Each structure stands twice: as structure tokens, then as C-alpha cells.
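A look at the structure
Given next are the chains, with one letter for each unit.
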Amino acid sequence: MDLEIELRLLTETAQGREDSFAKLYERTNRRLYAVALNLLRQPDRAEEAVQEAYVRIWYNAGEYHQERGSVLTWMSSIVRYRCLDMLRSRKLREDKQDEFEGDESLPETEQTNLLDDLVLKEDAPQLGACMQTLDEGEQHAIHLAYFRGLTHSEITEQLGSPLGSVKSWIRRGLQRLKRCLES
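To keep things clear, this report deals only with the structure shown in the data block. In this text the structure is predicted, and so the values were computed from the model without any measurement.

Our focus in this paragraph is the state of the cysteines. A complete count under the given rule lists one disulfide for this structure. What pairs with Cys-130 in a disulfide is Cys-180, and their sulfur atoms sit 2.0 Å apart. Taking the sign of the S-S torsion, about -80° here, the bridge from Cys-130 to Cys-180 comes out left-handed. On the criterion of sequence distance, the pair formed by Cys-130 in helix α7 (residues 124-132) and Cys-180 in helix α10 (residues 163-182) is long-range, its members being 50 residues apart.

Shown next, in the form of C-alpha cells:
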């Protein structure tokens, strides 16, 4: 039911209906802010990323394709890409590096459930189950790339693995996730 409402609101947003966009914002802003805050770890920057993402959502609502995932997943990816852009800027990268110093290793329980607290509630059960089907290297590489915003080179340093392996883990892992989520 919620998915149908969000789809209707996004479709109406694509038609330029500001009232539908306001309702879509009201229904999704807390979840999208949580995605941004998880990546950026700074409330003011997370708010900025979400605001910029909503501008993109407004202008690109007509580009959404239902067969590629839910409306919320599509919107989350816009937020995530905006956050990654921000993380890649020089100043924020330096701030982020300082914040994560000393956070080299996760506790054992967090290593086995990397995405449990990072995924959206409605996608969590299926995505979490699919993540558990991946090899450990694939899980770690995908987590570092998509939820910590690290580049392939940074993941190589973090995991102590060759660049080719990291790229393969991410590519294979994403392919396996896609197949799993489609089934």
C-alpha cells in the first residue's frame, strides 16, 4: 500500500504537482535523512545533501522506472550519490578521515551484519538476507563503497587487498544482490 502511494505521489510530482511533492517529502524525508546522516555523520551536511537530493527528485521524477526498484530505493540512491559527491570533495574528505581515525575495525557482531542498521526498514529483510549470501570480501567491499563512501583505492588500503580483487568483489556482489532481490 505504501509503495503504491509513493509511486502515485512521484508520478504526480513528475507532472509538476507541488502538493504531491510536499506529501512525498513528508512521507520520506526522515528515512532519507537517516541515509545521509549514516554516510556523512554530520547533521548539517546530511540536511544539505537531502535538500539537494529533493531538488534533483523534483526535476527528475519523470526518469523513475518502476522495474528498477521502489520509489524509496530510487530516492535513496539519489541521496546516496549526493552524499558520495560531498564526501569526495577535499574539505569533507579531510573531516571524514579525522572522524574515522581509530575506527579501523568493527566489532565482530557488526562485521557479520554490516547493513542491518543502514538499510531502509522496508528493504531491510530482503536486502539483509541477500547480503548474507555474499562472500565476506563482497560484503565488506560493498559496505565500504556504498555506505562509507570510499573509493576503490581506499577500499584496497582498508582491506589490504589488490585493486582488481576489490573491483571484482563489488561487481560480483552487486550482480548477486540484483539477482537475489529480483527473485
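Summed over the entire model, instances satisfying the criterion amount to ten salt bridges. In this structure, Arg-17 and Asp-19 form a salt bridge, with 2.8 Å as the shortest nitrogen-oxygen distance. Three or more residues joined by partner-sharing salt bridges are found here, namely Arg-8, Glu-12, Arg-17 and Asp-19.

Residues Leu-10, Ile-57, Met-75 and Val-79 are the most contacted members of the largest nonpolar core, which totals 27 residues. Those elements giving two or more residues to this core turn out to be α1 (2-14), α2 (18-40), α3 (43-60) and α4 (71-88). At ten residues, the largest contribution of residues to this core is made by α4. Setting aside residues up to four positions removed in sequence, Met-75 forms contacts with Leu-24, Thr-28, Leu-32, Tyr-54 and Ile-57. Core analysis: the second largest hydrophobic core is formed by seven residues, Ala-141, Leu-144, Val-166 and Ile-170 among them.

Criteria and cut-off values
- All chains use their own residue numbering, which begins from 1 and follows the written sequence.
- Owing to the predicted nature of the model, reporting of local features is limited to residues with pLDDT of at least 70; listing and counting of side-chain atom pairs is limited to 80 or more, with chain, interface and lining totals taken over all residues.
- The side-chain figures draw on all heavy atoms in the structure; neither hydrogens nor water molecules are used.
- The criterion for a disulfide is a pair of cysteine sulfur atoms lying within 2.5 Å.
- Segments assigned H or I by DSSP are reported as helices when at least four residues long, segments assigned E as strands when at least two residues long, and all are numbered from the N terminus.
- A carboxyl oxygen of Asp or Glu within 4 Å of a side-chain nitrogen of Lys or Arg is what we treat as a salt bridge.
- By convention a nonpolar core is built from buried Ala, Val, Leu, Ile, Met, Phe, Trp, Tyr and Cys residues, the set being connected through side-chain atoms within 4.5 Å.
- Three exposure classes are used, based on accessible area relative to the maximum for each residue type with a 1.4 Å probe and protein chains only: buried under 20%, partly exposed in between, and exposed over 50%.
- Here, two residues are considered to be in contact whenever any of their heavy atoms come within 4.5 Å of each other.

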